[in-house]
Amino acid sequence: MDRRTLLGGAILAAGLAAPARAQTVGRNGRVVIGFPAGGSSDVVARLYAERLRGVYAPNMIVDGRVGAAGRIAVEHVRDADKDGTTYLQTPASMLTSQPHIFPREVRYDALTDLIPVSTVCSFPFALIVPMAHPARDLAGFVAWARAQQGEIPFASPAAGATPHFMGLMLAEAIGVRMTHVPYRGAVPAIQDVIGNRLNMFVGALGDVSPHHGQGVRMLAVSSAQRVARYPDVPTFAELGYPALSQEEWFGALLPAGTPAPIVQGLFDAIRQVAARPDMVEALGRLEFAPTISASPAAFAAQIRAEREMWGPIIRNSGFKPE
């Protein structure tokens, strides 16, 4: 039994013991995301919005504010009403690594302009190539890359997202030059890989796994252990690239100044719906684990620690925004 199964089981057991709770917000609410419909961010937000109806607010919708690699959504929630009707769901990179990668463009601070509530799920990444690519495994890809003339383009769902940086880390580790091609979300990038217009993409496992063997080939995953559903796909760590052993989370945050009872109400609602058997199953089908923070304060501490961790890594890499 792997870590994701254990986490899901623990949350499920806690949820079965938890009583139903009253709504926290009396008006309809919004889950704001910064990436396009159809991608993992959108799908997870919709799973939560559906189950938060009648638990946190009378109705919940997903509001996509796409642009600036997800920063528009963060800024929108930063400036939203502080009544609990609008909360942000964002990947970790928007709060932890992007402030170091894009110090001029990031005009928010996750710990002062927003109130961290909880993580809502966690997930690994995968490296994919087109089915037509000559590489059948990561060693083959490395050999192919080293034989190319000039820089190799690679894609990620957004500039400054964790997959972007993972691609640069891989390039450095294997001694080749790669040019990042940012996309507005995973869906269009994966379509270009399927169409053999891209040689390499790094993205959330849940985004790429439905296409494994049917348009794309997964060469490695960033989880600590192999994913049970794909035992043929090795981890970066076992292939000799431990620095690429990265997992990410999506988190929920409210605007700074939101009253404490509303913050606690959203936290309790997220914890309750994450424990539902249908939610655990739905997230599992998408390769997500329903990881929930111990408390809003614990989530804030996690953001602070991960932001501090990424700082020297990014500075020492010499990476500069395009």
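This one's a predicted model, so the numbers in the text were calculated from it and none came from an experiment. (Residues numbered from 1 in each chain as written. Predicted model: local features only at pLDDT ≥ 70, side-chain atom pairs only at ≥ 80, totals over all residues. Heavy atoms only, no water.)

### With respect to the overall build of the protein chain
Move 1: For the protein chain, the helix and strand inventory stands at twelve helices and nine strands.
Move 2: Taken over C-alpha atoms, the radius of gyration comes to 19 Å for the protein chain, in line with the 20 Å a tight globule of 322 residues would show.
Move 3: Dimensions of the protein chain along its principal axes, counting C-alpha atoms only, are 60 × 45 × 30 Å.
Move 4: Sequence separation of at least 24 residues holds for 79% of the intrachain contacts in the protein chain that already meet a minimum separation of 6.
Move 5: For the protein chain, the separation between the mean place of its 29 positive charges and that of its 27 negative charges on side chains is 2 Å. (Helix = DSSP H or I, 4+ residues; strand = E, 2+ residues; numbered from the N terminus. Rg over C-alpha atoms; globule rule 2.2 N^0.38 Å. Contact = heavy atoms within 4.5 Å. Lys, Arg positive; Asp, Glu negative; His and termini not counted. Charge placed at Lys NZ, Arg CZ, Asp CG, Glu CD.)

### Points about the environment of L219
Move 1: Tracing the backbone through its elements, the reader meets L219 in strand β8 (residues 216-221).
Move 2: As a C-alpha pair, L219 and L127 span 92 residues in sequence and 5.7 Å in three-dimensional space.
Move 3: Setting aside its immediate chain neighbours within four residues, L219 contacts L127, V129, A135, R136, D137, L138, F141, V233, P234 and L239.

### Overview of the pattern of salt bridges
Move 1: Going through the model one piece at a time under the given rule, you end up with 16 salt bridges.
Move 2: Linking E281 and R285 is a salt bridge whose minimum nitrogen-to-oxygen distance equals 3.4 Å. Note that E281 and R285 are positioned in helix α11 (residues 277-285) at a spacing of four residues, about one turn of the helix.
Move 3: One network of salt bridges, in which partners are shared, links E50, R51, R276 and D278. (Salt bridge = Lys/Arg side-chain N within 4 Å of Asp/Glu carboxyl O.)

### A closer look at the side chain of S41
Move 1: Within the fold, S41 resides in helix α2 (residues 40-52).
Move 2: S41 sits in the buried class, given a relative accessible area of 4%.
Move 3: Those residues in contact with S41 that lie beyond four places of it in its chain are I33, F35, Q89 and F250. (Buried < 20%, exposed > 50% of the residue type's maximum accessible area, 1.4 Å probe, protein only.)

### Describing the confidence of the model for the protein chain
Move 1: Summing up the model confidence of the protein chain, the mean pLDDT is 90 and the portion of residues at 70 or higher is 92%.
Move 2: Between the elements of the protein chain, mean pLDDT differs from a low of 42, seen in helix α1 (residues 3-17), to a high of 98, seen in strand β1 (residues 29-33).
Move 3: Predicted confidence for residues 1-19 stays below pLDDT 50, and this span has 27 contacts to residues more than four positions away or in other chains. (pLDDT = per-residue confidence, 0-100.)

### Here's the deal with the environment of L239
Move 1: Tracing the backbone through its elements, the reader meets L239 in the loop between β8 and β9 (247-255).
Move 2: Note on L239: relative accessible area 35%, which makes it partly exposed.
Move 3: With 43 residues separating them in the primary sequence, L239 and N196 have C-alpha atoms 25 Å apart.
Move 4: Leave out the neighbours within four places in its chain, and L239 touches L138, L219, A220 and P234.

### A look at the nonpolar core
Move 1: In terms of nonpolar packing, the biggest core is built from 87 residues, with Y48, Y56, Y87, F141 and M178 touching the most fellow members.
Move 2: Among residues more than four places away in sequence, those in contact with Y56 are Q23, T24, V25, G84, L254, I262, G265, L266 and A269.
Move 3: Residues I128, I190, V193 and V216 belong to the second largest nonpolar core, which totals 18 residues. (Core = buried A, V, L, I, M, F, W, Y, C linked by side-chain atoms within 4.5 Å.)

### Remarks on the environment of E50
Move 1: Tracing the backbone shows E50 in helix α2.
Move 2: Overall, the relative accessible area of 47% leaves E50 in the partly exposed class.
Move 3: As for E50 and A161, which are separated by 111 residues in sequence, their C-alpha atoms are 27 Å apart.

### Structural notes on the packing of α2 against α11
Move 1: Relative to each other, α2 and α11 sit at 170°, their axes nearing to 11 Å. With respect to α11, the element α2 is oriented roughly antiparallel. Facing α2, whose interface residues are V44, L47, Y48 and R51, α11 presents D278, M279, A282 and L283.
Move 2: Per-class residue counts for the contact of α2 with α11 are six nonpolar, no polar and two charged. (Axes fitted to C-alpha atoms, helices over the stretch in contact; angles between N-to-C directions. Parallel < 35°, antiparallel > 145°, perpendicular 65-115°, else oblique. Nonpolar A, V, L, I, M, F, W, Y, C, P; charged D, E, K, R; others polar.)

### Observations concerning unusual backbone geometry
Move 1: Phi at N196 is positive, roughly 65°, even though this residue is not glycine.
Move 2: The phi dihedral of E287 falls on the positive side, at around 70°, and the residue is not glycine.
Move 3: Looking at where E287 falls in the secondary structure, it is placed in the loop between α11 and α12 (296-317).

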